Amino acid sequence: MVDRLRNAAEHLEAPTCPDCHIEMRWYRSELLADEPVPIIAHLFVCPHCKRAAQADTIFKAAQVPPEKLSAPRFLAHAP
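Bear in mind the structure is a predicted one, so any value in this text is a computation, not a measurement.

A.B. asks: What exactly am I supposed to notice about the overall build of the chain here?
C.D. replies: Within the chain, the secondary structure is distributed over 1 helix and 3 strands. The order of α-helices and β-strands along the chain, N terminus first, is α-β-β-β. The 79 residues of the chain split such that 15% are buried. Taking contacts inside the chain between residues at least 6 apart in sequence as the whole, the part at least 24 apart equals 36%. Total accessible area computed for the chain in this model is approximately 6,600 Å², and 55% of it derives from carbon and sulfur atoms.

A.B. asks: I would appreciate a short explanation of the confidence of the model for the chain in the present structure.
C.D. replies: Caution is warranted with low-pLDDT regions, since their predicted coordinates should not be read in detail. Counting all residues, the mean pLDDT for the chain is 78, and 65% of those residues have values of 70 or more. Here helix H1 (residues 2–10) stands out as the least confident element of the chain, with mean pLDDT 63; strand E2 (residues 39–45) is the most confident, with 89.

A.B. asks: What should I look at first to understand the sheet that holds strand E3 (residues 52–58) in this one?
C.D. replies: Sheet strands pair via backbone hydrogen bonds, and the direction of the pair is either parallel or antiparallel. Reading across the sheet, the 3 strands line up as E1-E2-E3 and stay open at both edges, with antiparallel pairing between neighbours. Every interior strand has two partners, whereas the edge strands, strand E1 (25–33) and E3, have only one. Adjacent strand axes in the sheet meet at a mean angle of 25°, parallel and antiparallel pairs treated alike. Alignment of E1 against E2, held across 7 bridges, turns out to be antiparallel. Bridge assignment links Ser29 to a residue of E2, and that residue is His42.

A.B. asks: Is there a simple way to think about the side chain of Thr57 in this case?
C.D. replies: Following the sequence through the fold, Thr57 ends up in strand E3. Owing to a relative accessible area of 17%, Thr57 belongs among the buried residues under this scheme. At a separation of 2.9 Å, a polar atom in the side chain of Thr57 contacts the side chain of His42.

A.B. asks: Is there a simple way to think about unusual backbone geometry in this case?
C.D. replies: Glycine aside, residues mostly have negative phi angles, and peptide bonds mostly take the trans form. Even without a glycine there, the phi angle at His21 is positive, about 60°. Here His21 is to be found in the loop between H1 and E1. Positive phi, normally seen in glycine, also occurs at Lys50, with a value near 70°. With respect to the helices and strands, Lys50 occurs in the loop between E2 and E3.

A.B. asks: Would you explain the pattern of salt bridges in this entry?
C.D. replies: Working definition: two side chains of opposite charge can pair if their charged atoms are close together. Across all of its chains, the model carries 2 salt bridges by this definition. The partner of Arg51 in a salt bridge is Asp19, with the nearest N and O atoms 2.9 Å apart. Within this pair, whereas Arg51 is found in the loop between E2 and E3, its partner Asp19 is found in the loop between H1 and E1, the two being separated by 32 residues in sequence. Under the relative-accessibility criterion, Asp19 is labelled partly exposed at 47%.

Definitions and cut-offs
Residues numbered from 1 in each chain as written. Predicted model: local features only at pLDDT ≥ 70, side-chain atom pairs only at ≥ 80, totals over all residues. Heavy atoms only, no water. Helix = DSSP H or I, 4+ residues; strand = E, 2+ residues; numbered from the N terminus. Buried < 20%, exposed > 50% of the residue type's maximum accessible area, 1.4 Å probe, protein only. Contact = heavy atoms within 4.5 Å. Areas by Shrake-Rupley, 256 points an atom, 1.4 Å probe, with all protein chains shown as cover. pLDDT = per-residue confidence, 0-100. Pairing = 2+ DSSP bridges. Axes fitted to C-alpha atoms, helices over the stretch in contact; angles between N-to-C directions. Polar contact = N/O pair within 3.5 Å; in protein donor to acceptor, adjacent residues only side chain to side chain. Salt bridge = Lys/Arg side-chain N within 4 Å of Asp/Glu carboxyl O.

Structure below.
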């Protein structure tokens, strides 16, 4: 999950404050949803007027075949 946050933040452009017309500073990122598709919210704050803004990163769902997982998954069957 940390890798997802780091990669999402690297490819993100900071928004411009609509009042001051300067680039906002990154404040923090947080995971909004993990299932069915991961969504990360990036929060920005204007250093001059303290206005906040949010930019979301939505990841594409990656389907990995069970034999490619790092640990084997066993299917459970109900009797």
